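If you want the building blocks of each chain, they are given just below.
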Amino acid sequence: MRAHNERLVLSLIRRHGALAKSEIARLTGLSAQTVSVIMRGLEAAGLLAREAPVRGKVGQPTVPMSLAPEGAFFLGLKVGRRRTEMVLIDFVGTVRAVRVMRHDHPSPEGVRAFAREAATELTAPLPAALKARIQGLGIGLPFQLWDWAESLGLPAGAMDDWRDHDLRAELAADLPWPVLLENDASAACNAELIFGKTRLPRDFVYVFLGFFVGGGLVLGGSMFTGQSGNAAALASMPVPDGRGGARQLVEYASLCALEKALAARGRDGAFLWESAPDWTLEEEIVGPWLAQAARALAHVAASAGALCDLQAMVVDGWMPEALQTRLIRGIEAELDLIRLSGMTRPAVLAGTAGPQARALGAASLPLSAKFLVEFGGLPDAPAGRR
């Protein structure tokens, strides 16, 4: 029970920002004495830090407590079709360092070797006291990678090595920390829940546009992953093709489709995977891609909204912010053209975790496992907070 209450306190502060003991007691129903003991213990463990006292008109000043950035550290490995990266984050989610490997397609041996080397490089500069606070490695890995060889321009069977490798178990044997694994798009959704900069509705579908498109489903404020951990596998979702048939969403709303559009114009799309904010795209290329992606995603929003009575679609991706904004506007315009009678139209919102959402989400896996409770069960913010 004490461990649960400690995680509850940490989750409330992560969700609502710095809180005083009295606010936590009101939110949780725990006694003031119990909260005081918990918070003293978390402060002594280096997980909480005191903020400046807040003086009111009556009584003693209150002392809000916030998360201590150096209270814990986490590694996140994102395995991508064109780019694999590892980040080191602190307890508040700030990225302290990054290592990147570019490739035409990922191999299990190459990713494992990169992960071992990157983990050493990222953690070696930490002093011993902080290195002891590393709590684990999370992996964001596209599930069933072997099914997507054709979309990567590879021969059938070129990705079959992934069938026989358990990357989580292999890295757990290589590294001294707990290792957890999640679908990369679900990990990105988790990053939005934990580190996102805006308050989201309790029910939404999350979309992340990377080389492929993926997603997450959030119900009641908590992520729903399904029986096989692959809920919201949006890449496989059928959408209208405009000719009376249907095709998978990945063919329209993905960066591999944009890369193909660039190649058709004689342009090398390798720059897409170097730095998300720094793209230079001609309108005759990006305009048609945005139009088809928005049209397809509008149908996903309508279908998901009708099925689960969702309040919103949250859209993020490996792309410049200006392109994300244009895509969201396009989805909203396409929703105007879809008959939505009998259902509540979902809002289309911008994700705020950004291009590194999958790596951040991977790093959030050991953070969630050790320090958090499900956000869906948390009480609302104190009066006056967002």
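The structure under discussion appears in the preceding block.
Definitions and limits used
- Residues numbered from 1 in each chain as written.
- Predicted model: local features only at pLDDT ≥ 70, side-chain atom pairs only at ≥ 80, totals over all residues.
- Heavy atoms only, no water.
- Pairing = 2+ DSSP bridges.
- Helix = DSSP H or I, 4+ residues; strand = E, 2+ residues; numbered from the N terminus.
- Axes fitted to C-alpha atoms, helices over the stretch in contact; angles between N-to-C directions.
- Core = buried A, V, L, I, M, F, W, Y, C linked by side-chain atoms within 4.5 Å.
- Buried < 20%, exposed > 50% of the residue type's maximum accessible area, 1.4 Å probe, protein only.
- Contact = heavy atoms within 4.5 Å.
- Disulfide = S-S within 2.5 Å.
- Phe/Tyr/Trp six-rings, centres within 6.5 Å; stacked < 30°, edge-to-face > 60°.
- Lys NZ or Arg CZ within 6 Å of the ring centre and 35° of its normal.

(A) A look at the sheet that holds strand S5 (residues 95-102). Strands sit in the order S5-S4-S3-S6-S7 across an open sheet of five strands; the sheet is mixed. Looking at the sheet topology across the chains shown, the edges are occupied by S5 and strand S7 (179-182). Adjacent strand axes in the sheet meet at a mean angle of 15 degrees, parallel and antiparallel pairs treated alike. As judged from the five bridges shared by strand S3 (residues 73-78) and strand S6 (residues 134-140), these two strands associate in the parallel manner. Bridge pairing in S6 places Leu 75 opposite Leu 137.

(B) Expanded view of the nonpolar core. Ranked by size, the top nonpolar core spans 126 residues in total, and within it Leu 77, Met 86, Leu 327 and Ile 331 carry the most contacts. For this core, the element with the most residues is helix H9 (residues 283-308), which contributes 13 residues. When near neighbours in sequence (up to four residues on either side) are disregarded, Met 86 contacts Leu 75, Gly 76, Leu 77, Ala 97, Val 98, Arg 99, Phe 114, Ala 115, Ala 118, Ala 119, Leu 122 and Leu 137.

(C) Structural context of the state of the cysteines. Here the structure, examined in full by the defined rule, presents zero disulfides. Just so you know, Cys 308 is unpaired, no disulfide at all, and the nearest cysteine sulfur is the one on Cys 189, 13 Å from it. Since its relative accessible area comes to 29%, Cys 308 is described here as partly exposed.

(D) Focus on the packing of aromatic side chains. Enumeration over the complete set of coordinates arrives at five aromatic pairs. Taken together, the ring pairs in this structure connect Phe 74, Phe 91 and Phe 371 into an aromatic cluster. Sitting above the plane of the Phe 91 ring, Arg 14 keeps its charged end 5.0 Å from the centroid.

(E) The arrangement of the sheet that holds strand S10 (residues 222-224) in detail. Taking strand neighbours across the sheet as the criterion, the five strands line up as S10-S9-S8-S13-S14 in an open arrangement whose pairing is mixed. If you trace the sheet from one side to the other, it starts and ends with S10 and strand S14 (347-350), each paired once. Between one strand axis and the next, the sheet turns by 30 degrees as a mean value, whatever way the strands run. Of the strands in this sheet, strand S8 (204-209), strand S13 (312-317) and S14 touch helix H10 (residues 321-335), which is tilted by about 180 degrees from S14.

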